[in-house]
Amino acid sequence: MTILPKQLLAKSRLKDRSPVTLQEHLSDTEKSARQIFRLDGRWGKNWCRFFKLITEEEQQKFLLNLRVAALFHDIGKANEEFYQAVTGKCDQTFRHEHISALILHLSQVRSWLNRTPLDVEVITAAVLSHHLKASEKGDRQWASPRKGTRGKAVQLYLLHDEVKSILLEIANIAVLDVPPELNLSTFSQDAMWGKAWKEGIDTAKKLMRDITEERRSLLLAVKAGLIISDAAASGLVREDKNIDEWIEDVVHGDAIASVDITENILDKRAAQIFAITKTPFELHNFQKLAAQQGSRVLLLAACGAGKTLAAWKWAEEQVKHYKVGKVIFLYPTRGTATEGFKDYVSWAPEADAALVTGTARYELEAMADNPPDSMQEKDFTTDDHLFSLGFWSRRYFSATVDQFLGFMEHSYGGICLLPALADSVVIIDEIHSFDLKMFDSLIAFLKYFHIPVLCMTATLPPSRRKQLVDLGLQVYPTESDYQSLKDLQIKENHPRYQIQPVEGFDEAFAKAVAAYRQGERVLWVVNTVDRCLEISKRLANKLNVDVLTYHSRFRLMDRQKVHADTVKTFAFQKGRDRKPAIAVTTQVCEMSLDLDADVLITEFAPISSLVQRFGRANRHLARGDNFRATLHIYKPPKDLPYEHKELEIAKRFLDELGIGDISQKRLAVALEKFANEERKADGLPSFFTSGYFATMGSFRDTDEYAVPCVLDRDLEKVKTLAESRPKKPYDGFIINVPRKGINSSDDKPSWLPKYLGVAQWEGNYDERSGFSTKKIEEINLG
């Protein structure tokens, strides 16, 4: 006879706190689900709208199935090994959620739950996948025992009063018959459980083979909803928050009004621009009319046209039509997200604004040392103990696209931010830079979810543009729009540049030296870090000045300074305030950086990259209408990191432009003609295709070339931060290093996380120039 413990525990004991019982946690999770997604609340309505659960019947069905899944999700914790694990120490043979899902495939349980409007397969999928550690095959295979424990049986506590009470609660909520008695003493890979597993696998396959769009919407809404409800119940109880009060205060606050955006963001940004330019600020017609383009917009306008202000005007209008609580700007990189935060979002009250990147806490602390006007006497940090839930109360976001759209590849943080995304209008910037996997996710996001969205960029290949238009995005401005946008016409047709090709590196070098000595601002963009470093050294020796060197291979603390120095040095300036400057950069300068060079030198690159690079020159016409920025373009010594075909097309594009004056309009027309045809986005992210299962994947095409590392000289400092209590971030010491520059794994200390390597400082690293993997004589400049 099995001796049952007095209480079943759901969590490890916390110091000076009563233990959380299994029944309490399951009830708390159901309460969180009911409160967060209540159908008379804005979050519940927006969640259903986001997943296209349109009818009242569909919405009621969603909430009921979510509540049942919440009560069932941890039922597998009712076993001897889990009890020992949370009261002492015990390695578990089977994952508890795998057991929970197999219980749902016992014939007596399925028969009991098989009542409309319950969807047992949807409930099972949510339960099995709520830790994102379940797959049909491989390391996370459903019901596969831990290595070395095959054949072991685990004592079950399914006859415990807490389990019986939970089953009665499910019966009450779903109006079911009396629950079955689960008189099962052990869990193992025996015949009975093996049969349940086989039926489960067969059911999982049939679900995805036969699934309709309507059922998929229900499945995804319940799966994500359970993860969120579990996170809320666990986090709020752990931090000693009252679930009802916290959710009422954070989730069910007031919607954003149009006047909020006007006063908190637009008016303050306008005042800042006036202070910089010393001229009265007035929105262009292009920016004003952006607001009238509807709820799904593709905004295409040249670099420096004022797209970001146009997007804020669009958001200001959209909140009149959608009751939402957030405005979210998504950027492709941490640097661009940080700039967006400083220029716009940080004008909002500190309790309303958020920067969400992988290193946001460190970035905010660094900015606080020398804050811009928008951040004076403000603290934007969130409650770290609540992780993603700490952002739920914020209203204005600047974030990397991975943080919010990462849910498409089962990012746990992204899923926990999903209620905020569903309660928002969203702007996605620089979509031209998305790799194929990211663009596939963007297409799926636009196709399957209903949310007000504006995508924007200066350049976009026709194939990508067509895919977005086919999904209902309204292109703005159109050719007919230009008739009422004289200001934009003038700006885009104005000849900003003069192309003067050069034969190769030597001629480009001579042009750079001469231009700097004549008092010009010179920006040189190359395709690899090694060439960036070598050219910078040669220029510094020739000119006897410090040459700004900006690329991706810096410690974050040093990259922040280099980034800030580059932006400051090439910022908008007129007349005598405009000083000579010189910088060598890689592709990091291409996106959303407000750089204003007089002479731009660049290697051949894909057409969209070239156009973005050109946009860093004569950006604000600061030297008057008659000035032309000089563009010197030459062939690099090697094609990598690009393909030969891309550079051949770029050469044809440049030949088409010819020599002489060039406007942004001419660049756009030539790009339309020569842009490489991409395959149509045809792959669905794993969020849509996993069915019963879920494991975390990568939102981007993975870069196997570079690895995050700590330099050997920094190890002791990092160790001190990692072992401090409370733990302090050491993001500032992390640097991406090519695999060939990483030390042997034998040199890696055991306390360092698995994902971090160690690289040698001596002979490789300099705070001003970054990490080099080659000797000077090895670098071919052409």
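For the structure itself, look to the data block above.
Okay, so let's go over this structure.

Conventions adopted
Within every chain, residues take consecutive numbers counted from 1 along the sequence as written. The predicted nature of this model means local features are confined to residues of pLDDT at least 70 and side-chain atom pairs, given and counted, to a pLDDT of 80 or more, with totals for whole chains, interfaces and linings taken over all residues. To get the side-chain values, take all heavy atoms of the structure and skip hydrogens and water. A run of H or I in DSSP becomes a helix once it reaches four residues, and a run of E becomes a strand once it reaches two; helices and strands are each numbered from the N terminus. For the radius of gyration, the atoms used are the C-alpha atoms, and the globule rule reads 2.2 Å times the number of residues raised to 0.38. Whether two residues touch is decided by their heavy atoms; if any such pair falls within 4.5 Å, the residues are in contact. When accessible area is computed with a 1.4 Å probe and restricted to protein chains, residues below 20% of their type maximum are described as buried, those above 50% as exposed, and intermediate ones as partly exposed. Side-chain atoms alone can form a polar contact between residues adjacent in sequence; in general such a contact is a pair of N or O atoms within 3.5 Å, and within protein one must be able to donate a hydrogen while the other accepts it. Working definition of a nonpolar core: buried Ala, Val, Leu, Ile, Met, Phe, Trp, Tyr and Cys residues. They are joined through side-chain atoms within 4.5 Å. Between N-to-C directions, angles cover 0 to 180 degrees, with each direction set by a line fitted to C-alpha atoms, over the stretch in contact for helices. Crossing chirality is assigned from the near helix's rotation relative to the far helix, an anticlockwise turn below a right angle marking it left-handed and a clockwise turn marking it right-handed. Note on pairing: DSSP must find at least two bridges between two strands before they are called paired. Given the number of residues in a helix, its expected span is that number minus one, multiplied by 1.5 Å. Centre distance within 6.5 Å is the pairing criterion for rings of Phe, Tyr and Trp, where only the six-membered ring of Trp is used; planes under 30 degrees apart are then read as stacked, over 60 as edge-to-face, and the remainder as tilted. Note on criteria: charge over ring means Lys NZ or Arg CZ within 6 Å of the ring centre, with the direction from the centre no more than 35 degrees off the ring normal. When an angle is under 35 degrees it counts as roughly parallel; over 145 it counts as roughly antiparallel; between 65 and 115 it counts as roughly perpendicular; any other value is oblique. Amino acid classes used here: Ala, Val, Leu, Ile, Met, Phe, Trp, Tyr, Cys and Pro are nonpolar; Asp, Glu, Lys and Arg are charged; the rest, including Gly, are polar. Only one rule defines a salt bridge in this text: a Lys or Arg side-chain nitrogen within 4 Å of an Asp or Glu carboxyl oxygen.

Our focus in this paragraph is the overall build of the protein. Scanning the protein for helices and strands turns up 30 helices and 23 strands. For 782 residues, the compact-globule estimate of 2.2 N^0.38 gives 28 Å, and the C-alpha radius of gyration of the protein, at 29 Å, lies within 12% of that figure. Taken over the C-alpha atoms alone, the protein extends approximately 90 × 60 × 50 Å along its principal axes. Sequence separation of 24 or more characterises 80% of the internal contacts of the protein that already satisfy a separation of 6 or more.

Moving on to the side chain of Ser-690. Along the chain, the position of Ser-690 falls in the loop between helix H29 (686–689) and strand E18 (694–695). Classification of Ser-690 as buried rests on a relative accessible area of 16%. A polar contact of 2.7 Å, which involves the side chain of Ser-690, links it to the backbone oxygen of Ser-686. Residues within four places of Ser-690 in sequence aside, it is in contact with Lys-223 and His-410.

Attention shifts here to the nonpolar core. If you look at the biggest cluster of nonpolar residues, it comprises 137 residues, and the most contacted ones within it are Phe-62, Phe-407, Leu-421, Ile-428 and Phe-445. By residue number, the principal contributor to this core is helix H10 (residues 213–238), which donates twelve residues. Once residues within four sequence positions are removed from consideration, Phe-62 is found in contact with Phe-37, Trp-47, Cys-48, Leu-53, Leu-218, Ala-221 and Val-222. Ranked by size, the runner-up nonpolar core spans 51 residues in total, among them Ile-649, Leu-657, Ile-662 and Phe-771.

Two elements in contact, helix H7 (residues 120–129) and H10, have axes separated by 9 Å at closest approach and are oriented at 35°. For the crossing formed where H7 meets H10, the hand is right-handed. For the pair H7 and H10, contact is made by Glu-121, Val-122, Ala-125, Ala-126, Val-127 and Ser-129 and by Arg-215, Leu-218, Leu-219, Val-222, Lys-223, Leu-226 and Ile-227, respectively.

As a further point, take the side chain of Ser-217. Examined against the element boundaries, Ser-217 turns out to sit in helix H10. In this structure Ser-217 comes out as buried when scored by relative accessible area, which is 15%. Leave out the neighbours within four places in its chain, and Ser-217 touches Phe-51 and Leu-53.

For the rest of this paragraph, the subject is the pairing of strand E4 (residues 296–300). By the criterion of burial, E4 is predominantly enclosed, with five of the five residues buried. In E4, alternate side chains face the same way, and those of Arg-296, Leu-298 and Leu-300 on one face and Val-297 and Leu-299 on the other are all buried. Here E4 runs beside strand E9 (residues 453–457); their pairing, made up of five bridges, is parallel. Along E9, the bridge assignment pairs Arg-296 with Val-453. Sheet topology note: the E4/strand E10 (residues 474–476) ladder contains three bridges and is parallel. Note on E10: the bridge partner recorded for Leu-299 is Tyr-476.

The next subject is the pairing of strand E8 (residues 424–429). With six of its six residues buried, E8 lies for the most part within the structure. Residues of E8 alternate between two faces, with Ser-424, Val-426 and Ile-428 on one and Val-425, Ile-427 and Asp-429 on the opposite face, all of them buried. Relative to E8, strand E5 (residues 326–331) runs parallel, the two being bridged by five bridges. Considered in E8, the bridge of Val-327 is made with Val-425. As judged from the four bridges shared by E8 and E9, these two strands associate in the parallel manner.

With 15 residues, helix H1 (residues 22–36) extends 21 Å between its outermost C-alpha atoms, agreeing within 8% with the 21 Å of an ideal straight helix rising 1.5 Å per residue. Those residues of H1 lying buried are Leu-22, His-25, Leu-26, Asp-28, Thr-29, Glu-30, Ser-32, Ala-33, Gln-35 and Ile-36. Residues of H1 that are buried make contact with helix H2 (42–50), helix H3 (56–72), helix H8 (161–174), H10 and helix H11 (243–250).

As a further point, take the environment of Asp-565. With respect to the element layout, Asp-565 can be found in helix H25 (residues 556–569). The class of Asp-565 is partly exposed, set by a relative accessible area of 27%.

All right, on to H2 then. Taken across its nine residues, H2 has eight buried, putting it largely inside the fold. Along H2, the positions that sit buried rather than exposed are Arg-42, Trp-43, Gly-44, Asn-46, Trp-47, Cys-48, Arg-49 and Phe-50. Count one or two residues on from H2 and you reach Lys-52, which has phi positive near 60°.

To continue, consider the packing of aromatic side chains. Applying the stated criterion across every chain, the model contains 31 aromatic pairs. Ring pairs connect the aromatic residues Phe-37, Trp-47, Phe-50, Phe-51, Phe-62, Phe-407, Phe-445, Tyr-448, Phe-449, Phe-687 and Phe-688, which therefore count as one cluster. Sitting over the ring of Tyr-482, Lys-665 keeps its end group 4.8 Å from the ring centre.

Axes are the key here: two packed helices are described by the angle between their axes and the distance separating the axes. Between H3 and H10, the least distance of the axes is 9 Å, while the angle of their chain directions is 40°. Viewed along their axes, H3 and H10 adopt a mutual orientation that is oblique. The chirality of how H3 crosses H10 is right-handed. Side by side, H3 and H10 meet where Glu-58, Lys-61, Phe-62, Asn-65, Leu-66, Ala-69 and Ala-70 of the first sit next to Glu-214, Leu-218, Ala-221, Val-222, Gly-225, Leu-226 and Ser-229 of the second. By residue class, the composition of the contact of H3 with H10 is eight nonpolar, three polar and three charged.

To continue, consider the sheet that holds strand E20 (residues 734–738). In a beta sheet, neighbouring strands pair by backbone hydrogen bonds and run either parallel or antiparallel. Here we have three strands laid out as an open sheet, ordered E20-E19-E21, and mixed in their pairing. Both outer strands of the open sheet, E20 and strand E21 (757–759), are each paired with one neighbouring strand and no more. Pairwise comparison of adjacent strand axes, ignoring direction, gives a mean angle of 60° for this sheet. As paired elements, strand E19 (residues 706–711) and E20 share five bridges and run antiparallel to each other. The residue of E20 that forms the bridge with Ala-706 is Pro-738.

Turning to the sheet that holds E10, a few remarks are in order. A sheet is described by the order of its strands in space; here seven strands give the open sequence E6-E7-E5-E8-E9-E4-E10, paired in parallel fashion. Two strands lie at the open edges of the sheet, namely strand E6 (353–356) and E10, each paired on one side alone. Ignoring strand direction, the axes of neighbouring strands in this sheet form an average angle of 15°.

On to unusual backbone geometry. A cis amide bond, omega -5°, links Tyr-476 with the succeeding residue Pro-477. For Pro-477, the location among the structural elements is in the loop between E10 and helix H22 (486–493). For the bond from Leu-640 to Pro-641, the omega torsion is 15°, close enough to zero to count as cis. Structurally, Pro-641 can be placed in the loop between strand E16 (629–634) and helix H27 (644–657). Backbone geometry places Val-175, a non-glycine residue, at a positive phi of 55°. Looking at where Val-175 falls in the secondary structure, it is placed in the loop between H8 and strand E3 (186–187). You can call Val-175 exposed: its relative accessible area is 71%. At Glu-430, a residue that is not glycine, the phi angle is positive and equals roughly 55°. As for its position among the elements, Glu-430 is in the loop between E8 and helix H20 (436–448).

This brings us to the pattern of salt bridges. Under the defined criterion, the tally for this structure stands at 45 salt bridges. A salt bridge links Glu-239 to Arg-238; the shortest N-O distance between them is 3.3 Å. Residue Glu-239 is classed as partly exposed on the basis of its relative accessible area, which comes to 24%. On the basis of relative accessible area, Arg-238 is assigned to the partly exposed category, the value being 32%. Residues Lys-342 and Glu-339 are paired through a salt bridge, measuring 3.4 Å at the closest nitrogen-oxygen approach.

Just distances and angles here, no functional claims.
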